[in-house]
Every structure is written in structure tokens, then in C-alpha cells.
Amino acid sequence: MSTEIGQQELAEIVVRAQRGSSEDFYRLYSLYSRSIFNFVRRLSGSANDAEDLTQDTFFKVHSELGKLREPKQFKYWLFRIARNEVYQKLRRSQRTPEVSIDDDEVLYYDFLSDDSEDQDPERQVLSLELRQVIDKTLGGLKPKYRDVFVLAAFHKMSYEDITRIVGRSLLSVKTDIYRARLALKEALKKYLEKGKR
Amino acid sequence: MSCSDYRIRISEALDSRLTDAEAASVQAHLRSCSACSRFDAEQRRLALLLQKADPDREPSARIWGQIERRIQAQSQPIRPPRWSPSRLWDLFRPPQWGYAMAGLLLAAALSVTVFQSNNSAELEGMLAELDAYRPEVRRNPWLPDPQQENPFLEINHDRNPFGEFRSEK
């Protein structure tokens, strides 16, 4: 389900869910589970953890929904909870995503010019590897760069919305996104080169 | 603006944040600066790479079932907030009630202040009159009369055990 929903309509759904409507709580889950799953997956660097984290996030949302005083702020509140769940889990496990890549064996493909990767098993492997490298690189970023970058670059959120989620100033969000881009560019340099196939 | 300022703008442009004027100024800079132009191209390529390499995925359908089971196990219905400023405000709806109430409270506070200031002015006048007639009478009626001896400070030498002790010595 699309997350494109008017603020007023969202607030009404939230209020009904606060009053105990399971149907409306499910509606909130349907609206945001995909975004939250992908957000926590990118922050944690693991699709398996992302399932648990999505579950934990919505369970917490259900328990705490009564405490949300501004139903229109639901989206930011939800992402804040998801972000906290990720950082709590990472702190508990003291883990960063691990991927081992042998640079000498990497063939340089132009991932950007060819859409036929699904038909080429070798490309599929490299694409999977690239995803792992992206996960690792994101995982290696400072948390303050990682969350704002993921929200801006993948979730296409406005910087104003991001400030509401991470609770930092607009200037800080802007410069942290820029720094994350610099770090990613360095880490993914070889994949950014033109194909040498 | 320096090149690093322009690069932050280039990053913002990727997130569609620039106004037309800002975008035009970035474009003008890119035409004259090859380093920033290279940075812009790399960043566009990176954005595309990320989009292609890591698209959104569908969460597993079993997640909802697990959430439902946990909610049932907890069997705690959602309760609306017990108290919040917005809920308190709801008590005064429609809004004109609130304004009328605030007006009444303000009027009551003002009248008490005026009454008190009038009273104290009247009292000052009476005391001034009294002072003119008999200045020594003016004193605080709530404090003991300084002209009377304080019974708690009175020392009775006959009953003072320390005095007796000294005299025995």
C-alpha cells in the first residue's frame, strides 16, 4: 500500500487506532511496514534482522500509541522508534555488517548501463556482492551520517522531515548527508568506474 | 561561495532541494569548475548505482502474524493518552468558552488587585493621621509591644540554678 496519504486522514486513522481499533492499526502497518522494513534493513545491514526489527518496531508502536499526543506526527514518531530499535539492537550485539571482498577478484561491470542483470548469473552474483558492499559501507558510516543519508537518498524524505526524525538541525542534516555521500563515493569508487568487461 | 559550499549544494540538488535560482547558480559554477563538475557526475552515478543495486524489498508476510501474536499475548488494548495539553484544551471547546473563561479570570484578578491597592492606600492614610496625633502608638499590632518586658527574656536570679551553683561555690 502506498504511504501517500493526507496528514488529516492519517491523523484520523491514528486516533481510531489509539481508541483500540485493530483494523486501523493494521492499516497503519500496511501503510508503513514496507518503508520501515527497508529503513531498518539499510540501517542494520541485514534483511534477517530487519524482519525482527520491523516486528519489534510495530509491537512497540502498538504498546506506546496511546502516548502519542500529536497524531499528525505519527510518521516521524514511527521512524524514530524504528531508528531507536536498530541502534539498541546494534549496541546489544556490538556488531557491524561484515562482508569480505577480495579486490583482485572483482570484475568491473558497468552496473548502471545494463538492465539485463537478471539474465546473467555472474552479474547476479556481482550485484549481490555490490549490495553487500553497500550494506557494509552504510554500516561503517557514523550512525549520524547513516540514518540521514538513508532517509534522504533511499526514502526520498525532505530534509525538514528528516530533522523531525533525527532531532538535529537542518544545517547538521544537510552537511551529514553530504559527508555520507563523500564516504560512499570513496567506498564504492571501483563500482562507479565504467565497465571493463 | 567556495567549491565545498557548491558541493553541499550539489548534494542537496540530488535530493531535489534547490530553488531555481540556487540550481542556476550551481549550474553556472559547474560550467567553470571541472573538479566540481566531476564531483557532480560521480554523485549522480552513485545515486543511480544505489537505486539500482539496493531497491526497496517487500517485507515477509509473516511479520504481521508475529506482531499479532505478540499483541494477543500481551493482551493490552491501546489506551488513549490520559492527559495531554490538547486533551485539556478539549474541555473548553467550543473555543469561545475558553476565551470567556480567560476573560472572567483576568477581570477577577484585576479587581482583587485594585481593591487591595485601594485598601492599602486607605490604611496608610489612617496611620499617617495616627502618627500625627500620637507617633509612639504606631507599631505593628502583630508583634509584641516593645515597651513591655519580654517574659521569656526575664532572668529571675533567685531561681537561676546556675546562679545558685555559683553562689554555693
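Residues numbered from 1 in each chain as written. Chains lettered and ligands numbered in written order. Predicted model: local features only at pLDDT ≥ 70, side-chain atom pairs only at ≥ 80, totals over all residues. Heavy atoms only, no water.

K.L.:
So what exactly am I meant to see when it comes to the overall build of chain B here?
P.N.:
Assigned secondary structure in chain B consists of seven helices and zero strands. Walking chain B from its N terminus toward its C terminus, one meets helices and strands in the order α-α-α-α-α-α-α. In chain B, once contacts between residues fewer than 6 apart in sequence are set aside, the share between residues at least 24 apart is 29%. Accessible surface, chain B: about 13300 Å² in total, of which carbon and sulfur atoms supply 58%. (Helix = DSSP H or I, 4+ residues; strand = E, 2+ residues; numbered from the N terminus. Contact = heavy atoms within 4.5 Å. Areas by Shrake-Rupley, 256 points an atom, 1.4 Å probe, with all protein chains shown as cover.)

K.L.:
It is not clear to me how the nonpolar core should be interpreted in this structure. Could you clarify?
P.N.:
Proteins that are soluble and globular tend to have nonpolar side chains buried together. By size, the foremost hydrophobic cluster in this structure holds 65 residues, and its most contacted members are Tyr32, Leu65, Phe74, Phe149, Ile162 and Leu188 of chain A. Mapping this core onto the domain boundaries places at least three of its residues in each of domain 1 (7-93) and domain 2 (103-192) of chain A. Discounting residues that sit within four places of it in the chain, phenylalanine 149 of chain A has contacts with Leu138, Phe154, Ile177, Ala180, Arg181 and Leu184 of chain A together with Leu50 of chain B. (Core = buried A, V, L, I, M, F, W, Y, C linked by side-chain atoms within 4.5 Å. Buried < 20%, exposed > 50% of the residue type's maximum accessible area, 1.4 Å probe, protein only. Domains from an automatic or database assignment.)

K.L.:
What should I look at first to understand the environment of isoleucine 10 of chain B in this one?
P.N.:
All names here are of chain B. Mapped onto the elements of the fold, isoleucine 10 is located in helix α1 (residues 3-14). Linking isoleucine 10 and glutamate 22, residues twelve residues apart in sequence, is a C-alpha distance of 10.0 Å. Discounting residues that sit within four places of it in the chain, isoleucine 10 has contacts with Val26, Leu30, Cys36, Phe39 and Asp40.

K.L.:
Help me understand the interface of chain A and chain B in this model?
P.N.:
Quoted interface sizes are often the accessible area lost when the parts come together. Listed by partner, the interface residues are 56 residues for chain A and 43 residues for chain B. When chain A packs against chain B, close to 4800 Å² is buried across both sides, 58% of that on carbon and sulfur atoms. On inspection of chain A and its partner chain B, the count reaches nine salt bridges. Note that glutamate 51 of chain A is salt-bridged to arginine 62 of chain B, the shortest N-O span being 3.0 Å. Looking at the side of chain A that touches chain B, the elements with two or more residues in it are α1 (7-18), α2 (22-44), α3 (47-64), α5 (121-140), α6 (143-154), α7 (159-166), α8 (170-187) and α9 (189-192) of chain A. Taken together, the residues that form the side of chain A that touches chain B break down as 27 nonpolar, ten polar and 19 charged. (Buried area = accessible area lost by both parts, 1.4 Å probe. Salt bridge = Lys/Arg side-chain N within 4 Å of Asp/Glu carboxyl O. Nonpolar A, V, L, I, M, F, W, Y, C, P; charged D, E, K, R; others polar.)

K.L.:
I would appreciate a short explanation of the packing of helix α4 (residues 74-93) of chain A against α6 of chain A in the present structure.
P.N.:
Axes are the key here: two packed helices are described by the angle between their axes and the distance separating the axes. Residues and elements named next belong to chain A. Their axes nearest at 13 Å, the elements α4 and α6 cross at an angle of 140 degrees. One element, α4, and the other, α6, form an angle in the oblique class. In the packing of α4 onto α6, the handedness of the crossing is right-handed. Contacts from Phe79, Arg83, Tyr87 and Leu90 of α4 reach α6 at Pro143, Arg146, Asp147 and Leu151. (Axes fitted to C-alpha atoms, helices over the stretch in contact; angles between N-to-C directions. Parallel < 35°, antiparallel > 145°, perpendicular 65-115°, else oblique. Left-handed = near helix turned anticlockwise from the far one by under 90°.)

K.L.:
Whenever I open this one, α6 of chain A confuses me. Can you help?
P.N.:
Compared with the 16 Å implied by 1.5 Å per residue over twelve residues, the 16 Å span of α6 of chain A between its first and last C-alpha is a close match. Phi for lysine 156 of chain A, located one or two positions after α6 of chain A, is positive at around 55 degrees. (Expected span 1.5 Å × (residues − 1).)

K.L.:
Just checking my understanding: could you explain the packing of aromatic side chains for this structure?
P.N.:
Any aromatic ring pair is given by two values, namely how distant the centres are and how the planes are angled relative to each other. The final tally for this structure, using the stated rule, is ten aromatic pairs over all chains. Between tyrosine 26 of chain A and tryptophan 64 of chain B the ring centres are 4.8 Å apart and the planes differ by 65 degrees, which places this aromatic pair in the edge-to-face class. Placement of the pair is tyrosine 26 of chain A in helix α2 and tryptophan 64 of chain B in helix α4 (residues 62-74), with the two residues belonging to separate chains. Residue tyrosine 26 of chain A is classed as partly exposed on the basis of its relative accessible area of 39%. A centroid spacing of 4.9 Å and a plane angle of 75 degrees characterise the contact between tyrosine 29 of chain A and phenylalanine 58 of chain A, whose relative ring orientation is edge-to-face. Here the residue tyrosine 29 of chain A occupies a position in helix α2, and phenylalanine 58 of chain A occupies one in helix α3, the gap between them amounting to 29 residues. (Phe/Tyr/Trp six-rings, centres within 6.5 Å; stacked < 30°, edge-to-face > 60°.)

K.L.:
So what exactly am I meant to see when it comes to unusual backbone geometry here?
P.N.:
As a rule of thumb, non-glycine residues mostly have phi less than zero, and peptide bonds are mostly trans rather than cis. Although it is not a glycine, lysine 156 of chain A adopts a positive phi angle of roughly 55 degrees. With respect to the helices and strands, the residue lysine 156 of chain A is situated in the loop between α6 and α7.

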